[in-house]
Amino acid sequence: MPGIIRRIPAGVISTIIALLIWQLIGSFGPLAGDSFATASEAIAGLASLLTDSTFWAAVGQTLQMAVIGFVISIVIAVPLGLLIGLSRFSYRSTKFTFDFFKVIPPIVIIPIAILAIGPNITMGVVLVIFANVFAVAIQTAYGVRDTDPVLLETMRCYRFGILQQLLYARLPSASAQIAVAIRLAASAALIVAVVAGLVGGAPGLGNLLMRLQSGGQVEKTYGVLLALGILGILMSRLIVRGQRRIIFWSGR
Amino acid sequence: MTIPAISIRDVTMDYPTPDGVNHVLDHVSYDVAEGHFVSIVGPSGVGKTTLLRLLTGLASPTGGEIHVRGERLTSSPEGLAVVLQDYTRSLMPWLTVAKNISLPLRRAKMSRSAVQERVQESLAEVGLTGTERSYPWQLSGGMQQRVSIARAIAVRPSILVMDEPFASVDAQTRFDLEDLVLKVRDDFGITTVMVTHDIDEAVYLSDEIVVLHGKPAAVRDVVKVEIPFPRSQMATRNDHRFAELRTRVYGMVRGLE
Amino acid sequence: MTRFWRWLLAVLIGAWLPIVFVAWWWNASAESTNPFFPPLSVIWEQFKVNWIFELVPVHVVPSIRNLLIGFLIAVVIAIPAGTLIGASRSGTRYVEPIVDFIRSIPPVALVPIFILLLGLDAQMRITSIAFSASFPILLATIEGVRSTNLVVLDTAQSFRLSPSAILWRVRLPGAMPTVFSGLQVGFQIAFVVTIASEVLGSGFGLGAFTLIATDSFLIVDAWTGVVLLGILGYLLNIVFDLVERLSLRWYYGQKKLS
Ligand SMILES: Nc1ncnc2c1ncn2[C@@H]1O[C@H](COP(=O)(O)OP(=O)(O)OP(=O)(O)O)[C@@H](O)[C@H]1O
Ligand SMILES: [Mg+2]
């Protein structure tokens, strides 16, 4: 018997136990009641969402904001970071400013985004870009500056030009940093896309969650949360896998 | 008089430190003749690597001048190849061994097949045939160092600068590599400057040995090794002149003489 | 003296871009008639009226109080829990997937649930903050405690330190850098959730003020709120960095050496 148990992955066992505990707390705990969905109710809520086209539309809109915003921020931030990282002066000049904007959460600028853009997909995209562009740029720049000086010296001895140093040494060497930044950016993109709907009224899962909650649809509200968790996990798995392929030389 | 390959004139080097300067080299002067093999020896921290950095154009001296074939050095000279002390950090971990070696060749306008051939040949010479597709970090330290030597000889340099190139290989490989370096020097007439801690090695390989000593360091002595080429590991090392020279240089490095 | 000049140079290099940026904003917006982008000078005048210091006790103090209380609760719960879980290998294996899952849910998305459960008052806000902030701290503590340097651990065991001494003197200090990175993430999340809980919960607080101003088209007021939130977000981050640097002096010293 224990042998069989040991062969079941830990994640499965703990998921079952966690669901059981949730079920118990939801049924008998101090907050048990109409507004506390039990595990089974939440799963039922998720199941009913899965057959609901508004849910899938919302998933699509959230992913659309997250992916478009994510891609645009990478396309802007990585070349920008490479450029900034090329000289010590430009790196140090921009570091403070970028750090400043990096730590300001996008939720802060939602009021302005609502005014200037309105509660739509574009607003979500803009918020995702704001959330990521500074962090990715500064991290890229840091990676470029952090290239091993011995490697660069070797290249200088063999008379490689600045461009070749960038292409063959600085860019690959920064890629570990860039990859970390991109991974963080991907999960941030999803979160911000949800927040844009939740707080800023943009379409998507955040908005759906808000409407379900204020409409008193408790089970489905919890169902959306489960869906968000699953989406988040899938997203990070996907990114980690892609990343291992591209930067194979680190983590040797 | 012919122009020396490398001419070091009154070179002084200071490193800035938080409290003043670290005076490392003081009026170092020396000429490396075309085609010669010169070893630089001296105690650890004396400034050997610093001198090499100046020769390769990686740093500029605080005072004095360096000329390569009559031209004042401002950046790394044409035809230079290097094997740096930190060999593990001088190979690119994202390129295979073959790509690492062929990268400097790409600008030589060689055909793709000629590059391939050159890479194979260089790898064979350092005894690493079959590692083309490996990545540097999959090799041992000594093997990485040999890759870095293969890269250097693959470009057919006219000046080869090496900083303790054989420090982490086993004794047998070390002998083989020493002979390899002598052979390519003969084949292509390469001017070679090498830093080493191993005085036997310096005597075995060199036309001249430069002894750095003191703080700040100056050229304490230049020892001519008048043992004829070609040399051989067995015969040369048993030569009575070899033993004498080794004792002399050893004394100078230790400051006994 | 030279150290002072070097420091001054560093400050100047870091400061010229923000100065240019603000100057540009000031000039470019000076003639602005676009209602959504009022002149910076107007925003600044209103900023002085609102936040120096008229409305601070009403809107800023409660926000910061909630933030700190919620964050402290998260710390007090998550670090001991993470230590226990991290010290046991199987505990880690079983708990980590669950924690990982909950952490993948955008923290702000939990706020509506807490509104359902607890209503709209400060208790709901603090609970949301504490709950959301605790997961990154928990994960980081587990990770930090679990990955204690094995050589150090072996050495400690060879000195025959008691298990509790190993925990207090070896594992926890060794885990501190990782724990702090979790604290930092937790703190940022706490800040975001503070704002979100006010926006979604309506009422007092800087977040609520700003969004209500937006909805009522009090655009200059909204801008002052955004600017203050930005500054607060940055300052809190700086304070956090300082605390971290002071607590982890040994760690940064070692890193500098290597
Ligand atoms: N980049 C640098 N900045 C400041 N000081 C330096 C720098 N590089 C070397 N030094 C100093 O210069 C002196 C000589 O160093 P160098 O590396 O040239 O010695 P070395 O003879 O090559 O020693 P080893 O045999 O151990 O390699 C040392 O005192 C060292 O501290
Ligand atoms: Mg050296």
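The rules behind each value
- Residues numbered from 1 in each chain as written.
- Chains lettered and ligands numbered in written order.
- Predicted model: local features only at pLDDT ≥ 70, side-chain atom pairs only at ≥ 80, totals over all residues.
- Heavy atoms only, no water.
- Helix = DSSP H or I, 4+ residues; strand = E, 2+ residues; numbered from the N terminus.
- Rg over C-alpha atoms; globule rule 2.2 N^0.38 Å.
- Buried < 20%, exposed > 50% of the residue type's maximum accessible area, 1.4 Å probe, protein only.
- Contact = heavy atoms within 4.5 Å.
- Lys, Arg positive; Asp, Glu negative; His and termini not counted.
- Charge placed at Lys NZ, Arg CZ, Asp CG, Glu CD.
- Areas by Shrake-Rupley, 256 points an atom, 1.4 Å probe, with all protein chains shown as cover.
- Pairing = 2+ DSSP bridges.
- Axes fitted to C-alpha atoms, helices over the stretch in contact; angles between N-to-C directions.
- Domains from an automatic or database assignment.
- Buried area = accessible area lost by both parts, 1.4 Å probe.
- Salt bridge = Lys/Arg side-chain N within 4 Å of Asp/Glu carboxyl O.
- Polar contact = N/O pair within 3.5 Å; in protein donor to acceptor, adjacent residues only side chain to side chain.
- Nonpolar A, V, L, I, M, F, W, Y, C, P; charged D, E, K, R; others polar.
- Donors = N, O, S within 2.8 Å, 3.2 Å for Na, K, Ca; no water.
- Core = buried A, V, L, I, M, F, W, Y, C linked by side-chain atoms within 4.5 Å.

Colleague: Before we go on, may I ask you to explain the overall build of chain B in this structure?
Modeller: Along the backbone of chain B there are nine helices and ten strands. In terms of overall dimensions, chain B is globule-like: its C-alpha atoms have a radius of gyration of 18 Å, near the 18 Å expected for 257 residues. Along the first, second and third principal axes, the C-alpha atoms of chain B reach 50 × 45 × 40 Å. Taken across its 257 residues, chain B has 53% of its residues classed as buried. The long-range share in chain B, meaning contacts at least 24 apart out of those at least 6 apart in sequence, stands at 67%. Side chains of chain B give 28 positive and 32 negative charges; the mean places of these two sets differ by 6 Å.

Colleague: I'm lost on the overall build of chain A in this one. Help?
Modeller: Scanning chain A from N- to C-terminus turns up eleven helices and zero strands. Going residue by residue from the N terminus, the α and β elements of chain A occur as α-α-α-α-α-α-α-α-α-α-α. The C-alpha atoms of chain A give 23 Å as radius of gyration, which overshoots the globular expectation for 252 residues (18 Å, by more than 25%). Taken along the three principal axes of its C-alpha coordinates, chain A extends 70 × 60 × 30 Å. Within chain A, buried positions represent 52% of all 252 residues. A fraction of 72% describes how many contacts in chain A between residues 6 or more apart in sequence connect residues 24 or more apart. When the accessible surface of chain A is split by element, carbon and sulfur atoms take 69% of a total near 11500 Å². Considering chain A, the positive charge centre built from 18 side chains and the negative charge centre built from 8 side chains are found 14 Å apart.

Colleague: Would you take a moment to explain the sheet that holds strand β10 (residues 218-224) of chain B for this structure?
Modeller: The strands that make up a sheet are held in pairs by hydrogen bonds between backbone atoms, and each pair lies either parallel or antiparallel. Residue and element names in this part refer to chain B. If you walk across this open sheet you meet the six strands as β6-β7-β8-β3-β9-β10, and the pairing is mixed. Across the chains shown, the open sheet's two edge strands, defined by having one partner strand only, are β6 (80-83) and β10. Across the sheet, the axes of successive neighbouring strands diverge by a mean angle of 15°, strand direction being ignored. Sheet topology note: the strand β3 (residues 37-41)/strand β8 (residues 191-195) ladder contains four bridges and is parallel.

Colleague: How should the domain arrangement of chain B be read in this particular structure?
Modeller: One frequently used descriptor of interface size is the decrease in accessible area upon assembly of the parts. Residues and elements named next belong to chain B. Domains assigned within chain B are domain 1 (1-79 + 158-257) and domain 2 (86-156). Taken residue by residue, the interface counts 14 residues in domain 1 and eleven residues in domain 2. When domain 1 packs against domain 2, close to 990 Å² is buried across both sides, 65% of that on carbon and sulfur atoms. A salt bridge links K183 to E125; its shortest N-O distance comes to 2.9 Å. The interface formed by domain 1 and domain 2 contains three residue pairs in polar contact (both at pLDDT 80 or more). At six residues, helix α6 (residues 171-188) tops the list of elements feeding residues into the side of domain 1 that touches domain 2. Grouping the amino acids of the side of domain 1 that touches domain 2 by side-chain chemistry returns nine nonpolar, three polar and two charged.

Colleague: Help me out: how do you make sense of the pattern of salt bridges in this one?
Modeller: A side chain with one charge may pair with a side chain of the opposite charge, provided their charged atoms come close. Residue and element names in this part refer to chain B. On inspection of all chains with the given rule, the structure shows 26 salt bridges over all chains. D198 serves as the salt-bridge partner of R174, at 3.3 Å between the closest nitrogen and oxygen. Remark: D198 occurs in the loop between β8 and α7 (199-205) and R174 occurs in helix α6; sequence separation between them is 24 residues. The residue R185 makes a salt bridge to D186 at a minimum N-O spacing of 3.8 Å.

Colleague: Whenever I open this one, the coordination of the magnesium ion (ligand 2) confuses me. Can you help?
Modeller: Under perfect tetrahedral coordination by four donors, a metal shows angles of 109.5 degrees; under perfect octahedral coordination by six donors, it shows angles of 90 or 180 degrees. Residues and elements named next belong to chain B. All of the protein donors around the magnesium ion (ligand 2) are T49 (OG1) and Q85 (OE1); their distances to the metal are 1.9 to 2.5 Å. Separated by 36 residues along the polypeptide, T49 in helix α1 (residues 48-55) and Q85 in the loop between β6 and α2 (87-90) bring together distant segments of the chain. Using a relative accessible area of 31% as the deciding quantity, one classes T49 as partly exposed. Looking at Q85, the relative accessible area reads 37%, which means it is partly exposed.

Colleague: Help me understand the nonpolar core, please; the structure alone is not making it clear to me.
Modeller: What tends to happen in soluble globular proteins is that the nonpolar side chains get buried as a cluster. I107, V108 and L205 of chain A together with W51 and F71 of chain C are the most contacted members of the largest nonpolar core, which totals 131 residues. When near neighbours in sequence (up to four residues on either side) are disregarded, L205 of chain A contacts F55, A58, V59, T62, V224, L228 and L231 of chain A.

Colleague: Please explain unusual backbone geometry as it appears in this structure.
Modeller: Note: most peptide bonds trans; most residues except glycine with negative phi. The linkage connecting K215 of chain B with the following residue, P216 of chain B, adopts the cis geometry, with an omega of -5°. Examined against the element boundaries, P216 of chain B turns out to sit in the loop between β9 (208-213) and β10. At the junction of I52 of chain C and F53 of chain C, the peptide bond is cis and its omega measures out at -10° in the coordinates. Unusually for a residue other than glycine, R69 of chain B sits at a positive phi of about 50°. What makes R69 of chain B partly exposed here is its relative accessible area of 32%. One non-glycine residue, F217 of chain C, adopts positive backbone phi at about 55°. Structurally, F217 of chain C can be placed in the loop between α9 (206-215) and α10 (219-247). Classification of F217 of chain C by relative accessible area gives exposed; the value is 56%.

Colleague: Whenever I open this one, the domain arrangement of chain A confuses me. Can you help?
Modeller: Residue and element names in this part refer to chain A. Here chain A is partitioned into domain 1 (1-36) and domain 2 (38-250). Its C-alpha centre places domain 1 at a distance of 32 Å from the equivalent point of domain 2. Facing eight residues of domain 1, the contacting portion of domain 2 comprises nine residues. Between domain 1 and domain 2, roughly 680 Å² of surface is buried when both sides are summed, and carbon and sulfur atoms account for 66% of that area. When residues of domain 1 are sorted by the area they lose upon contact with domain 2, W22, Q23 and F36 head the list and together hold 66% of the total. Where domain 1 meets domain 2, there are zero salt bridges. Our count for the domain 1 to domain 2 interface comes out at three residue pairs in polar contact (both at pLDDT 80 or more).

Colleague: Sorry, what's going on with the sheet that holds strand β4 (residues 63-68) of chain B here?
Modeller: All names here are of chain B. One open sheet holds the four strands; their spatial order is β2-β1-β4-β5, and the pairing between them is antiparallel. The open sheet terminates on both sides in strands that have one partner only, identified here as β2 (20-32) and β5 (71-72). Here strand β1 (residues 6-17) pairs with β4 via five bridges, running antiparallel. Bridging across to β4, I6 finds its partner in V68. The sheet contacts of α1 involve β1, β2 and β4, and relative to β1 the element is tilted by about 120°.

Colleague: Help me understand the side chain of S104 of chain C, please; the structure alone is not making it clear to me.
Modeller: Residue placement: S104 of chain C occurs in helix α4 (residues 89-104). We classify S104 of chain C as buried; its relative accessible area is 15%. Here S104 of chain C is in contact with L228, G229, G232 and I233 of chain A, once residues within four sequence places are set aside.

Colleague: Which parts of the structure should I look at to understand the interface of chain C and chain A?
Modeller: Counting residues at the interface gives 46 residues for chain C and 47 residues for chain A. Both faces combined, the contact of chain C with chain A buries some 4200 Å², and carbon together with sulfur accounts for 84% of it. Inspection of the chain C/chain A interface yields zero salt bridges. There are four residue pairs in polar contact (both at pLDDT 80 or more) connecting chain C and chain A. Taken together, the elements giving at least two residues each to the side of chain C that touches chain A come down to α1 (2-28), α4, α5 (111-118), α8 (163-201), α9 and α10 of chain C. With eight residues, the single largest contributor to the side of chain C that touches chain A is α10 of chain C.

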